[in-house]
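An overview of the molecular structure
Each chain, written out:
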Amino acid sequence: NMLIDGLCTMYYNVEMDRGGRIAASGKINQQLLESLLNEPYYKKAPPKTTGRELFGKEYCLWINELAKGIAKEDIIATVTMLTAKAISNSYRDFMQPKCKVSELIVAGGGSYNPTLMSNLKAEMAKYAVNVCTQEDKGENSDAKEAVAFALLAYYTMAGLPNNLPAATGAKFPAVLGKISF
């Protein structure tokens, strides 16, 4: 969602495309979409991780330059589809050859974006993968980070490594976090 959020901030001075309304009002620009899908990160095999260091403000400025002459709502529609395509392409390229998945459970802010969810459902239907949210499973998408931090805390308290060197580039597994009584 970083690109959607970053471009919404840049173009509309809002922190996100609430309800996917901006993307729904635009049209996907196929030429821009194909250019964005050429990002080398998407072709890198997992495990991997990234964040604002790659897909932050500078990347949004680059997209803005690349998309000169394209309506802002069309750019938002396109990066929303980019998110869905990147996920489905990653499934196709890295997951499907190793094992078949029947269900993808989406959590976090993206699960509240109906346009993104619709795009993702259409993309994953190509592979007979059902897409649902944590709410569909009786859980809460807002709890994703709290659950993740609780798991990290558990590992820290148990003295177990809680980093992923293969994904982060760390030199060795380590117990992360500090316990203050």
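For every chain, the first residue of its written sequence is number 1, and the numbers climb from 1 along that sequence. This being a predicted model, a pLDDT of at least 70 is required before a residue's local features are given, and a value of 80 or more before pairs of side-chain atoms are given or counted; all residues contribute to the totals for chains, interfaces and linings. Each side-chain value is derived from all of the structure's non-hydrogen atoms; neither hydrogens nor water enter the calculation.

Comments concerning the packing of aromatic side chains
Note on aromatic pairs: the rings of Phe, Tyr and Trp (six-membered ring only in Trp) are paired at centre separations within 6.5 Å, and the planes decide the class, stacked below 30 degrees, edge-to-face beyond 60, tilted for the rest. All told, the structure shown has 8 aromatic pairs when counted by the stated rule. Here Phe 55 and Tyr 59 contribute two aromatic rings whose centre-to-centre distance is 5.0 Å and whose plane-to-plane angle is 70°, an arrangement assigned as edge-to-face. Accessibility assignment for this pair places Phe 55 and Tyr 59 in one class, buried. Taken together, a centroid distance of 5.2 Å and an interplanar angle of 55° make the contact between Tyr 59 and Trp 62 tilted. Placement of both Tyr 59 and Trp 62 in helix H6 (residues 57-66) is noted, with a separation of 3 residues, approximately one turn of the helix. The exposure class of Trp 62 is partly exposed, given its relative accessible area of 40%. Put simply, the rings of Tyr 41, Tyr 42, Phe 55, Tyr 59 and Trp 62 touch in pairs and so form one group of aromatic residues. The ring of Tyr 41 carries the charged tip of Lys 48 above its face, separated from the ring centre by 4.5 Å. Buried residues are those whose accessible area, probed at 1.4 Å on protein chains only, stays under 20% of the maximum for their type, while exposed residues exceed 50% and partly exposed ones sit between those limits. Secondary structure is summarised from DSSP: a helix means a run of H or I of at least four residues, a strand means a run of E of at least two, and numbering begins at the N terminus for each. Geometrically, a charge over a ring is one whose NZ (Lys) or CZ (Arg) sits within 6 Å of the ring centre while staying within 35 degrees of the ring normal.

Some thoughts on the pairing of strand S2 (residues 130-133)
Whether two strands pair comes down to DSSP finding at least two bridges between them. Two strands pair when backbone bridges link them, and strand S1 (residues 103-106) and S2 are joined in this way by 4 bridges, in the parallel orientation. Bridging from a neighbouring strand, Leu 104 pairs with Val 131 of S2. Orient the strands so they point away from the viewer; a crossover is then right-handed if the path from the first strand over the helix to the second runs clockwise. A crossover links S1 with its parallel partner S2, the connecting element being helix H8 (residues 114-125), and its sense is right-handed.

Here we look at the state of the cysteines
Two cysteines, two sulfur atoms, one covalent bond between them: this is a disulfide. Note on terminology: pairs of cysteine sulfur atoms within 2.5 Å are recorded as disulfides. Under the counting rule described, the total for this entry stands at 0 disulfides. Left unpaired, Cys 132 is separated from the closest cysteine sulfur, that of Cys 99, by 16 Å. You can call Cys 132 buried: its relative accessible area is 5%.

Observations regarding the side chain of Ser 111
Summarising the element assignment, Ser 111 is placed in the loop between S1 and H8. Counted as a polar contact is a pair of N or O atoms within 3.5 Å, where, for protein atoms, one must be capable of donating a hydrogen and the other of accepting one, and residues adjacent in sequence contribute only when both atoms are in side chains. Polar contacts involving the side chain of Ser 111 include one to the main-chain carbonyl oxygen of Gly 108, which spans 2.6 Å. For Ser 111, the contacting residues outside a window of four places in its chain are Val 106, Met 117, Thr 133, Glu 135 and Ser 141. Contacts between residues were defined by any pair of non-hydrogen atoms, one from each residue, lying within 4.5 Å.

Comments concerning the packing of helix H1 (residues 2-12) against helix H7 (residues 72-95)
With axes taken as lines fitted to C-alpha atoms, and helix axes fitted only over the stretch in contact, angles between N-to-C directions fall between 0 and 180 degrees. Direction vectors running N to C along H1 and H7 enclose 170°, while the axes themselves pass 9 Å from each other. On the basis of the axis angle, H1 is roughly antiparallel to H7. Contact residues: H1 offers Leu 3, Ile 4, Leu 7, Cys 8, Tyr 11 and Tyr 12, while H7 offers Lys 72, Glu 73, Ile 75, Ile 76, Val 79, Thr 80, Leu 82 and Thr 83. Tallied by class, the residues present in the contact of H1 with H7 amount to 10 nonpolar, 2 polar and 2 charged. Here is the rule for angles: anything less than 35 degrees is roughly parallel, anything more than 145 is roughly antiparallel, 65 through 115 is roughly perpendicular, and the remaining ranges are oblique. In this classification, the charged set is Asp, Glu, Lys and Arg, the nonpolar set is Ala, Val, Leu, Ile, Met, Phe, Trp, Tyr, Cys and Pro, and all remaining amino acids, among them Gly, are polar.

Overview of the packing of helix H3 (residues 30-37) against H7
Running from N to C, H3 and H7 point in directions that differ by 45°, and their axes come no closer than 9 Å. Between H3 and H7, the angle is such that the two are oblique. When you trace H3 past H7, the crossing you get is right-handed. Across from Leu 32, Leu 33, Leu 36 and Leu 37 in H3, the residues of H7 making contact are Ile 75, Thr 78, Val 79, Met 81, Leu 82, Lys 85, Ala 86 and Asn 89. Crossings are classed by handedness, with left-handed meaning an anticlockwise turn of the near helix from the far one by less than a right angle and right-handed meaning a clockwise turn.

So, the pattern of salt bridges
By convention in these notes, a salt bridge is any Lys or Arg side-chain nitrogen within 4 Å of a carboxyl oxygen on Asp or Glu. The tally for this structure, following the rule as stated, stands at 6 salt bridges. With its nearest N and O atoms 3.5 Å apart, the salt bridge here joins Lys 85 to Glu 123. With a gap of 38 residues between them, Lys 85 in helix H7 and Glu 123 in helix H8 connect regions that are remote in the sequence. The salt bridge partner of Arg 92 is Asp 93, with a shortest N-O separation of 2.7 Å. One connected set of salt bridges, linked through shared partners, spans Lys 85, Glu 123 and Lys 126.

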